[in-house]
Amino acid sequence: MTKSEIFAVVTGNLREILPELESVSIDPQQSMRDLGANSVDRADVVLQSMERLNVTFPLIEVAKIENLQGLVDFLHAKVNG
Amino acid sequence: MPAAVAVTGLGVLTSIGRGSEAFAAALRRGACGITASNADGLGVAGRLPPFDLGTTLADMRLPEPLLGRALKAGRRAPLSQQASLLTALEAWTQAFGGNTTGAAAASIIVAGNNVAPGYSYRMREKYADNFGVVPASYALHFLDTDQVGILSEVLGIRGEGFTIGGASASGNMGILQAWRQIRYGIADVCVVVGALTDLSPLELQAFRNTGALGGTRYAAQPEEACRPFDRDREGFIYGQGSACLILESAASARARGARVLGYVAGAATCLDANRLSNPSVEGEARAMRLALEQAGLLPDAVNYVNAHATSSLAGDEVEVKALQEVFGPRVSRVAINATKGLTGHCLHAAGVVEAAATLLQMNGRFLHPNRNLRKPIEQTCGFAGESTRDLDIQAALSNSFGFGGINTAVVLTKSGGSM
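Residues numbered from 1 in each chain as written. Chains lettered and ligands numbered in written order. Predicted model: local features only at pLDDT ≥ 70, side-chain atom pairs only at ≥ 80, totals over all residues. Heavy atoms only, no water.

### Focus: the layout of surface pockets
Size it by volume and the largest pocket reaches roughly 690 Å³. Contributing to the lining of the largest pocket are 38 residues, with Ser168(B), Phe207(B), Ser277(B), Gly402(B) and Phe403(B) lying nearest its centre. Those elements that provide at least two residues to the lining of the largest pocket are helix 9 (201-210), helix 12 (313-327), strand 14 (395-402) and strand 15 (406-413) of chain B. At four residues, the largest contribution of residues to the lining of the largest pocket is made by helix 9 of chain B. Across the lining of the largest pocket, the residue classes tally to 14 nonpolar, 21 polar and three charged. Formed jointly, the lining of the largest pocket draws a minimum of three residues from each of two domains, domain 1 (5-262) and domain 2 (267-413) of chain B. The space that makes up the second largest pocket amounts to roughly 510 Å³. The wall of the second largest pocket is formed by 23 residues, among which Arg76(B), Tyr119(B), Met123(B), Lys126(B) and Pro135(B) lie closest to the centre. If you list the elements that add at least two residues to the lining of the second largest pocket, you get helix 1 (3-17) and helix 2 (39-53) of chain A together with helix 5 (117-127) and helix 6 (138-141) of chain B. Considering only residue class, the lining of the second largest pocket consists of 12 nonpolar, three polar and eight charged. (1 Å grid on protein atoms, 1.4 Å probe; cavity = no way out; pocket = protein on both sides within 12 Å on 5 of 7 lines; lining within 4 Å. Points joined across faces, edges and corners; volume = space filled by probe spheres on them. Helix = DSSP H or I, 4+ residues; strand = E, 2+ residues; numbered from the N terminus. Nonpolar A, V, L, I, M, F, W, Y, C, P; charged D, E, K, R; others polar. Domains from an automatic or database assignment.)

See the structure below:
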């Protein structure tokens with residue numbers, strides 16, 4: 001699975017959880033917090049991504065990730081690891 | 001002197017109508033919301049027609065920032081929270097329009113405990129094979145107090161807020177507590193919401209196994225299944241619904257020239273020293289008398305009773321005896337009907353739904369029919385017939401009784417007296 005595909009999964013989940021982002025373009029350098037996600041929304045996006053990518057890891061591992069690019073890189077390593 | 005308590009807003013969402021206008025029209029028609037289906041595991045029930053929160057909020061023409069806040073807090077929330085949000089917003093805007101400046105000092109009471117086992121059941125089914133990815137938001141939503149949080153955030157309420165339980169008497173328990181909030185000056189405005197009870201097939205089966213739930217004999221004629229006070233009744237029929245009342249001190253309502261829908265003149269609750277499901281004539285009569293005493297009214301003043309009347313075998317029988325005890329021979333001249341015959345039993349929300357039904361009949365000057373009441377269990381009671389008639393309700397009793405010996409009654413009046 002490519003990083004672009006993973007980015008599409010993550011942004012898809014983000015838009016499902018925050019429908020107001022539907023017509024907003026999302027840049028990989030942005031953080032979920034920048035895009036208006038609260039801590040519960042952010043956890044839900046990561047958990048839904050885990051489910052859809054069929055990977056599991058403790059949420060603490062993504063706690064320090066700063067932006068979507070970092071999350072995609074992390075998920076990419078998990079999916080292909 | 002304790003404050004007189006007015007009702008200045010009302011919102012309803014039930015199987016027979018969304019919004020108070022539609023609900024009032026459905027009451028007047030004697031509409032039936034009870035249908036049969038096995039697809040959702042509910043069997044014979046008063047189902048809420050599916051709705052989309054965004055579309056429904058758009059139909060309500062809410063002003064910003066109320067609309068934006070409601071969408072943000074409610075769009076991913078479970079059914080019961082969404083229902084409460086809709087009824088609370090309807091009631092609030094009826095009382096105050098889009099103005100939420102008075103909300104900071106208001107209180108919120110959500111009637112019902114353990115309101116959504118159906119939601120938990122569905123989440124368990126969905127994540128049974130992968131508990132690890134259960135949404136973090138489930139930790140917020142499975143709590144009944146999420147309802148308090150959502151309404152507080154959307155309306156900007158910063159006074160007291162809590163849930164209160166009383167099984168099927170929760171709604172009246174909520175009104176009682178809201179009445180005390182205003183009467184004793186804790187708040188000038190209190191939002192009381194009866195939460196939609198979201199049951200799973202597990203709870204329904206348990207109710208069936210206790211003998212309380214009906215719907216078996218009338219599975220092929222669901223509109224016949226709920227028949228309060230009828231000899232052929234079989235048990236209560238589950239109904240999905242929510243309602244909200246805005247209680248406000250009469251002085252505050254008067255000062256801002258608000259439209260008053262009626263008054264909560266008194267309310268009371270008492271126990272039976274019994275943890276089981278069986279009702280008690282003595283306890284029910286005592287709750288009605290205590291509520292009338294609080295209202296400063298004699299039974300003679302009451303010309304309408306919205307009965308608890310679930311269509312259960314023991315419950316309806318006991319309530320008739322309690323009504324006979326409170327009203328004596330005059331019970332034949334008190335108009336009595338059962339809103340559950342139309343909506344099914346809205347459980348935690350029932351007391352608020354039925355207070356709303358009482359106020360709507362009071363304002364519309366009518367008495368809604370008793371659906372399916374063809375062979376009354378008692379001839380001496382003033383039961384409404386199978387068709388609607390005119391009635392000028394001056395003072396009403398609205399009863400709710402719950403498992404665990406919980407008895408409640410609320411007195412609603414057309415005029416507010418001198419207080």
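### Overview of the interface of chain B and chain A
Facing 11 residues of chain B, the contacting portion of chain A comprises 13 residues. Contact between chain B and chain A buries roughly 940 Å² in total, counting both sides, with carbon and sulfur atoms accounting for 54%. Among the residues of chain B in contact with chain A, Arg75(B), Arg76(B) and Val133(B) are the three that bury the most area, contributing 52% of the side total. Across the contact surface, chain B and chain A share two salt bridges. Arg75(B) serves as the salt-bridge partner of Glu20(A), at 2.7 Å between the closest nitrogen and oxygen. Run the count over chain B and chain A and you get four residue pairs in polar contact (both at pLDDT 80 or more). Looking at the side of chain B that touches chain A residue by residue, the classes come out as six nonpolar, two polar and three charged. (Contact = heavy atoms within 4.5 Å. Buried area = accessible area lost by both parts, 1.4 Å probe. Salt bridge = Lys/Arg side-chain N within 4 Å of Asp/Glu carboxyl O. Polar contact = N/O pair within 3.5 Å; in protein donor to acceptor, adjacent residues only side chain to side chain.)

### What about the side chain of Glu248(B)?
Residues and elements named next belong to chain B. Its place among the elements puts Glu248 in strand 8 (residues 241-249). The class for Glu248 is buried, based on a relative accessible area of 0%. For Glu248, the residues in contact, after removing those within four places along its chain, are Ala4, Val5, Ala6, Thr8, Phe96, Ile182, Asp188, Val189, Ala253 and Arg256. (Buried < 20%, exposed > 50% of the residue type's maximum accessible area, 1.4 Å probe, protein only.)

### Considering empty space enclosed by the protein
Residues and elements named next belong to chain B. On inspection of all chains with the given rule, the structure shows one cavity of 30 Å³ or more. In this structure, the largest cavity encloses a volume near 40 Å³. Along its surface, the largest cavity is lined by Gln81, Val115, Ala116, His141, Phe142, Leu143, Asp144 and Gln147. Partitioned by chemical class, the residues of the lining of the largest cavity number four nonpolar, three polar and one charged.

### Thoughts on the nonpolar core
In this structure, Leu14(A), Leu89(B) and Ile246(B) are the most contacted members of the largest nonpolar core, which totals 69 residues. The element best represented in this core is helix 4 (residues 79-96) of chain B, accounting for nine residues. By size, the runner-up hydrophobic cluster in this structure holds 50 residues, among which are Val7(B), Leu10(B), Val352(B) and Met362(B). (Core = buried A, V, L, I, M, F, W, Y, C linked by side-chain atoms within 4.5 Å.)

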